[in-house]
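Coordinate inspection notes
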Protein chains: 2
Amino acid sequence: MRIGIDVESGERSFEEYVKGSFDAVQFLPNIQLFLIGNSTKIKRKFPEIEEKQNILLINANDVITMTEEPIKALKKKDSTIVIGINLLKNKVIDAFISPGNTGAIVASSVLNLGMMEGIKRPSMATFFPRRHGGETLILDIGANPESSELSLYQNAILGLSYYKLIWNKLKPKIGLLNVGGESVKGNSTVKKAYNFLNKFENFIGNVEGYNVFDGSVDIIVCNGFTGNSILKLAEALKKFFTDTLKKSFYKTKKKSFFKRVMLGIFVLSGFYADLKRNLIEALLPKYYGAAPLLGVNGLVLIGHGSSNYLDLINAINLAEKLNRIKYLEILSSNIKKILKND
Amino acid sequence: MRIGIDVESGERSFEEYVKGSFDAVQFLPNIQLFLIGNSTKIKRKFPEIEEKQNILLINANDVITMTEEPIKALKKKDSTIVIGINLLKNKVIDAFISPGNTGAIVASSVLNLGMMEGIKRPSMATFFPRRHGGETLILDIGANPESSELSLYQNAILGLSYYKLIWNKLKPKIGLLNVGGESVKGNSTVKKAYNFLNKFENFIGNVEGYNVFDGSVDIIVCNGFTGNSILKLAEALKKFFTDTLKKSFYKTKKKSFFKRVMLGIFVLSGFYADLKRNLIEALLPKYYGAAPLLGVNGLVLIGHGSSNYLDLINAINLAEKLNRIKYLEILSSNIKKILKND
């Protein structure tokens, strides 16, 4: 499998992504990585790259920055994003991973790869952990910050198709994010979307933030603006929590000598490290380093601007997994089945 | 000070709110509570209520449920919400607290109490904790689930006025919640709002979920739909964290005999209880049990539908504090000052 990696559009240095690529090919011997960026610069920093059989360089002299307007930015024909999507379109690569300007990646994908049958706008989805196991899929998380009842309906179709593919669950429960559980709640867009979603037999109605972790719903449909905000807040809160946990160890209120000794033993014994690892694992939103752009005719994975070494490794793993389980074919076939029953 | 309490509209039994009221008057001897609900039922359950000098009963035979459409629901003239807002309008009470149908409380407040000069729609705000102290105000959290650039602008004015009142900070930093930091990001409403907010000298531009806890911004403006979702997710995630923390103690991966003994001592010594308390305190969104409905001519506090005993106590405390610091006068004077400089 051949995966194109945009090593220039993220907020981190290209070096981090090149190193991640070196390590990824170690444990995934069947993949070939195409690093899209300034080849001269990469070769100067990593002269050993020319000997790596599974890593190829694709030169791109330009970069679309985060501040550029998507449609205008696509005029940069020599940018990593435009080159990457074109390579995907021409089947030189099987997947494209970029931590760059989301709007530009979405626009380029829609225009060049086209949409799957029945879908007008793409969507991005991410899995959240749950209290009693399993995962809850939330979408859209930012592919489409404008929201209409039709885009919410399409998110539902894409969510159902993707959830079935990943979890192999025949009838995942689907809910509509709203400000209250009752059907009269919310703004006019959400009220209209409620009627569209009501067609699905596994639609459980409105859900709220409380339901994300409790297992009462498998797929939560929301607009891209709110989904993006929720995801970022959850990540920030997770970091805040683990930092606070650390701080709390060092400032319990009544700190007797006994407690101070206990604290020392607790940390030194490795118990604290275990605890922290368990917590982080349990709470990690299953972002997998990047989220697939659902609904376009091509395997495009979009990462955070701040994606790091580990995010890239995870994104490569996800691309390999999605390709292996025939993501494009099954997703598009699931969409057709849902629309047929609709 | 006289506070009206709607004991019927919440999801919990009236008994919980009556008990909360009994306890609140113990430590706030200067307040008088008007319990609005079915007086016969209350007296039957709490016969001792007739001897309590600081607690009075106001009979209401009807209740607006969570599923009713706000405007229609206001025809229930004998409902706790309609009676409560009328008592406030007629200055029988100085504040009204309700855990009921938010839309109905908002509509009744706007129609009967009227808006402060310069404000067209009210807003609800809540404080979030921060990593290094201080609090971040987020608004709207649900008073207005329809979003326009003008309502976002009004949220900014209300947020600045409220933050100054509570924190006495002359120039709090204000940010606009968006899907990215760059000014070109977001949907059309947010882009237009950016230009409105740009007039404030202390506007720092777009912010994201990441910024809520890092102290980079004091006031985060967002639409009521997203704000409500964020608040509920944060509360659910906090609960998930503390539950996971508990679970993690009992399933560290390599559990040697030594570690099991350690674990026992750790829990029994009270160290674990201390730790959990510290964590919960640090992470608690400062919802104060209920949020004031900013911008209306009256002190109205709206609580979660699921508000419990403790939430009511906190809401009564907040009402007493806001009344003491002359919330209505100062908020409305702050709004005028901001609009004058605008």
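Quick note: structure is the one above.
Report follows, based on the coordinates. (Residues numbered from 1 in each chain as written. Chains lettered and ligands numbered in written order. Predicted model: local features only at pLDDT ≥ 70, side-chain atom pairs only at ≥ 80, totals over all residues. Heavy atoms only, no water.)

1. Some details on the pattern of salt bridges
According to the stated counting rule, one finds 27 salt bridges over all chains in the structure shown. The residue A:Lys232 makes a salt bridge to B:Glu208 at a minimum N-O spacing of 2.4 Å. Of this pair, A:Lys232 sits in helix H8 (residues 224–249) while B:Glu208 sits in the loop between strand E8 (203–207) and strand E9 (219–221), placing the two residues on different chains. By relative accessible area, which is 15% here, B:Glu208 ends up buried. Ionic pairing is found between B:Glu149 and B:Lys192, a salt bridge with its closest N-O pair at 3.7 Å. Of the two residues, B:Glu149 is situated in helix H6 (residues 149–167) and B:Lys192 in helix H7 (residues 188–197); the sequence distance between them amounts to 43 residues. Judged by relative accessible area, which is 44%, B:Lys192 ranks as partly exposed. A single salt-bridge network, built from bridges that share partners, covers A:Arg130, A:Lys169 and A:Asp218. (Salt bridge = Lys/Arg side-chain N within 4 Å of Asp/Glu carboxyl O. Helix = DSSP H or I, 4+ residues; strand = E, 2+ residues; numbered from the N terminus. Buried < 20%, exposed > 50% of the residue type's maximum accessible area, 1.4 Å probe, protein only.)

2. Regarding helix H12 (residues 327–341) of chain B
Residue and element names in this part refer to chain B. Here H12 spans 21 Å end to end across 15 residues, near enough to the 21 Å set by a 1.5 Å rise per residue. The set of residues buried in H12 consists of Tyr327, Leu331, Asn334, Ile335 and Ile338. One side of H12 carries all its buried residues, which in axial view fall inside an arc of 100 degrees. Across H12 from its buried face, at more than 90 degrees, point the exposed residues Glu329, Lys337 and Lys340. (Expected span 1.5 Å × (residues − 1). Arc of directions from axis to C-beta.)

3. Considerations on a nonpolar patch on the surface
A grouping of A:Phe257, A:Val261 and A:Ile265 is seen on the molecular surface, where their side chains present a nonpolar patch of about 280 Å² in accessible area. By secondary structure assignment, the location of A:Val261 is in helix H9 (residues 257–268). (Patch = residues over 30% accessible without salt bridge, like charges linked within 9 Å, V, L, I, M, F, W, Y side chains within 5 Å. Areas by Shrake-Rupley, 256 points an atom, 1.4 Å probe, with all protein chains shown as cover.)

4. Topic: the nonpolar core
With 213 residues, the main nonpolar core has A:Leu33, A:Tyr162, A:Ile316, B:Leu33, B:Tyr162 and B:Ile316 as its most contacted residues. What B:Tyr162 contacts, discounting residues up to four positions off in sequence, is B:Ala125, B:Phe127, B:Leu137, B:Pro292, B:Leu294, B:Leu322, B:Tyr327 and B:Leu331. Listed in part, the 6 residues of the second largest apolar core include A:Leu245, B:Leu245, B:Tyr272 and B:Leu275. (Core = buried A, V, L, I, M, F, W, Y, C linked by side-chain atoms within 4.5 Å. Contact = heavy atoms within 4.5 Å.)

5. A word on the pairing of strand E7 (residues 174–177) of chain A
Residues and elements named next belong to chain A. Taking every second residue as pointing to the same face, both faces of E7 are buried, with Ile174 and Leu176 on one and Gly175 and Leu177 on the other. Direction of pairing for E7 relative to strand E8 (residues 203–207): parallel, over a ladder of 3 bridges. Each bridged residue has a counterpart across the sheet, and for Leu177 the counterpart in E8 is Val207. In this fold, E7 hands off to helix H7 (residues 188–197), which returns the chain to E8; that crossover is right-handed. (Pairing = 2+ DSSP bridges. Right-handed = clockwise from strand over helix to strand, strands pointing away.)

6. Things to note about the environment of B:Gly4
Among the structural elements, B:Gly4 can be located in strand E1 (residues 2–6). Take B:Gly4: its relative accessible area is 0%, and that puts it in the buried class.

7. Observations concerning the sheet that holds strand E2 (residues 32–37) of chain A
All names here are of chain A. A sheet is described by the order of its strands in space; here 11 strands give the open sequence E3-E2-E1-E4-E11-E10-E5-E6-E9-E7-E8, paired in mixed fashion. Only two strands of the sheet have a single partner each, and these edge strands are strand E3 (55–59) and E8. Averaged over all adjacent pairs, the angle separating strand axes in this sheet is 30 degrees, with direction ignored. Direction of pairing for strand E1 (residues 2–6) relative to E2: parallel, over a ladder of 5 bridges. When the bridges of E2 are listed, Asp6 appears paired with Ile36. Each of E1, E2, E3, strand E4 (95–98) and strand E11 (299–302) touches helix H4 (residues 80–89); the most contacted strand, E4, lies at about 165 degrees to it. Of the strands in this sheet, strand E10 (291–294) and E11 touch helix H12 (residues 327–341), which is tilted by about 45 degrees from E10. (Axes fitted to C-alpha atoms, helices over the stretch in contact; angles between N-to-C directions.)

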